[in-house]
Amino acid sequence: MQIPDDAVKITDDTVTISLKNASVVDQIRFPGGTGNNLGTAGVAATLSFDITYSKSGASRHVQPTTTDPLSPFNWEGQMWNATNSGTFSLAYNDGTFSAQGSFDSAGNFGEMGFERNGSFVEDRSDAAGLSEHVLDAAKLPVNPAWPSPAQNHSNVALAQNTQGALQSPSGPNFRGKIPIRELIH
Amino acid sequence: MPKWQKLFLGAAFLALACVPVWGQGPPPPQVLPIPVPGGDVFLPAQPIPAGGVLPSALFNVFSPGVGAFLDGQDAEPNVITNFKGHAAMGYTLGTATDNNGNQYAVITDIRVYRGDYVGGTPIYIGGGTTSAKSHGTFVLI
């Protein structure tokens, strides 16, 4: 579900979601319906929740270990373990059911960080993807750090200098200030 | 019936709002730009091409983590492909109370993604798409 950007706040150590009155469909059972998919008719409902993820421990750098597009290990990122907790409320639109509650990670797995997949990983090995490579390097520094929300904004990233940026060995060897905008299409 | 019921409300959550990015089940995939609260319009994101088979259908979501029914610590946490940005996820346990005072155990897997992605923009008369870059925020509930 796509939501407004301002429903999510990102700081150095936390991610907070505050979603109000999202229109959803309660599928009752999971899996369910024909073919054990999500094929039940479901009940229209409204859901609100607040949840905060908090970073913990050191980061790990995840590298793709395969190029298989169907594998869960074909992505790259800088991830931290994370705990989370939150509250929620929901109500069927027909008024027949409503509930509210709270939850927390309680030792279960959670993580947060910065990642790229699909074409953004494939581009890194292509000379044609150099522009993305340079841009990405500005967002994903060699030294692990949670990028600030401002850094994640593309026009700010474009203003970054390229010190420390990774470059393809076979790519152009830029020196000095690079007119990155010229590389972005 | 005991107050504590073995109803995993979180499982229902899994089935709630994730349909647009999961390949199975209604409604059909959206091919038109999606208006969201606040007035903005974003391109629809594309689901990752694979995921878990549960039990006979493919759902376009992996389960990061170590343990039974999980795909490994470094398994893909995203349900959107061609994505670059922030991601956070976590499994939780909790409790809920309904409007009749019944209590429930809650299991959730809530994920959030904010970043750049390559979505599909329809340009052909049949709704066929070409790639287009966009930026957005998504939750998997």
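A.B. asks: Talk me through the overall build of chain A; I want residue IDs and the actual numbers.
C.D. replies: Helix and strand content of chain A: 4 helices and 7 strands. The order of α-helices and β-strands along chain A, N terminus first, is β-β-β-β-β-β-β-α-α-α-α. Across the 185 residues of chain A, 35% fall into the buried class. In chain A, once contacts between residues fewer than 6 apart in sequence are set aside, the share between residues at least 24 apart is 58%.

A.B. asks: Please give an account of unusual backbone geometry that cites residues and values.
C.D. replies: All names here are of chain A. The backbone of Asn21 shows a phi angle near 55°, a positive value even though the residue is not glycine. Tracing the chain through its elements places Asn21 in strand β3 (residues 14-26). The exposure class of Asn21 is exposed, given the 10 C-beta atoms found within 10 Å. For Ala106, which is not glycine, the phi dihedral falls at a positive 50°. Position of Ala106 among the secondary structure elements: in the loop between β6 (98-104) and β7 (110-117). Ala106 sits in the partly exposed class, given 13 other C-beta atoms within 10 Å.

A.B. asks: Pulling in residues and values, what's your account of the pairing of β7(A)?
C.D. replies: With 8 of 8 residues buried, β7(A) lies mostly within the body of the structure. Here β7(A) shows a buried face lined by Gly110(A), Met112(A), Phe114(A) and Arg116(A) and a second buried face lined by Glu111(A), Gly113(A), Glu115(A) and Asn117(A). Across 7 bridges, the pairing between strand β5 (residues 75-92) of chain A and β7(A) is antiparallel. Bridge pairing links Gly77(A) to Glu115(A) in β7(A). With 7 bridges connecting them, β7(A) and strand β6 (residues 83-98) of chain B associate as antiparallel partners.

A.B. asks: Which residues make up the confidence of the model for chain A, and what values do they have?
C.D. replies: Per-residue confidence for chain A gives a mean pLDDT of 73; residues scoring 70 or more make up 60%. Across residues 127-185 of chain A, confidence stays below pLDDT 50; counting only partners more than four residues off in sequence or on other chains, it has 60 contacts.

A.B. asks: Lay out the nonpolar core in plain terms, naming residues and giving numbers.
C.D. replies: Core analysis: the biggest nonpolar cluster contains 46 residues, and Ile80(B), Ala88(B) and Val139(B) have the highest contact counts within it. For this core, the secondary structure elements donating two or more residues are β2 (8-10), β3, β4 (43-62), β5 and α1 (119-122) of chain A together with β6, β7 (103-122) and β8 (129-140) of chain B. Excluding anything up to four places from it in sequence, Ala88(B) contacts Val15(A), Tyr53(A), Ala82(A), Met112(A), Arg111(B) and Val112(B).

A.B. asks: Go over the pairing of β8(B) with me, naming the residues and quoting the values.
C.D. replies: Pairing geometry for strand β1 (residues 2-3) of chain A and β8(B), over 2 bridges, is antiparallel. Opposite Ile3(A), over in β8(B), you have Thr137(B) as the bridge partner. As defined by bridge partners, β7(B) adjoins β8(B) across 12 bridges and the pair is classed as antiparallel. Across the sheet, the residue bridging to Thr121(B) is Thr130(B), located in β8(B). Taking the residues between adjacent antiparallel strands as the criterion, β7(B) and β8(B) are bridged by 6 residues, where Gly127(B) takes a positive phi near 90°.

A.B. asks: Describe in detail the confidence of the model for chain B, supporting the description with residues and values.
C.D. replies: Regions with low pLDDT should not have their predicted coordinates read in detail. Scored by pLDDT, chain B comes out at a mean of 77, with 70% of its residues at no less than 70. A low-confidence stretch, residues 1-36 of chain B stays under pLDDT 50, and its non-local contacts, those more than four residues away or across chains, total 86 contacts.

A.B. asks: Break down the environment of Thr14(A) for me, citing the residues and quoting the values.
C.D. replies: Residue and element names in this part refer to chain A. Here Thr14 is to be found in strand β3. Each C-alpha atom, one on Thr14 and one on Thr83, is 9.6 Å from the other, the two residues being 69 residues apart in sequence. Leave out the neighbours within four places in its chain, and Thr14 touches Thr52, Tyr53 and Ser54.

About the criteria used
Residues numbered from 1 in each chain as written. Chains lettered and ligands numbered in written order. Predicted model: local features only at pLDDT ≥ 70, side-chain atom pairs only at ≥ 80, totals over all residues. Helix = DSSP H or I, 4+ residues; strand = E, 2+ residues; numbered from the N terminus. Buried ≥ 20, exposed ≤ 12 C-beta atoms within 10 Å, placed from the backbone. Contact = placed C-beta atoms within 7 Å. Pairing = 2+ DSSP bridges. pLDDT = per-residue confidence, 0-100. Core = buried A, V, L, I, M, F, W, Y, C linked by C-beta atoms within 7 Å.

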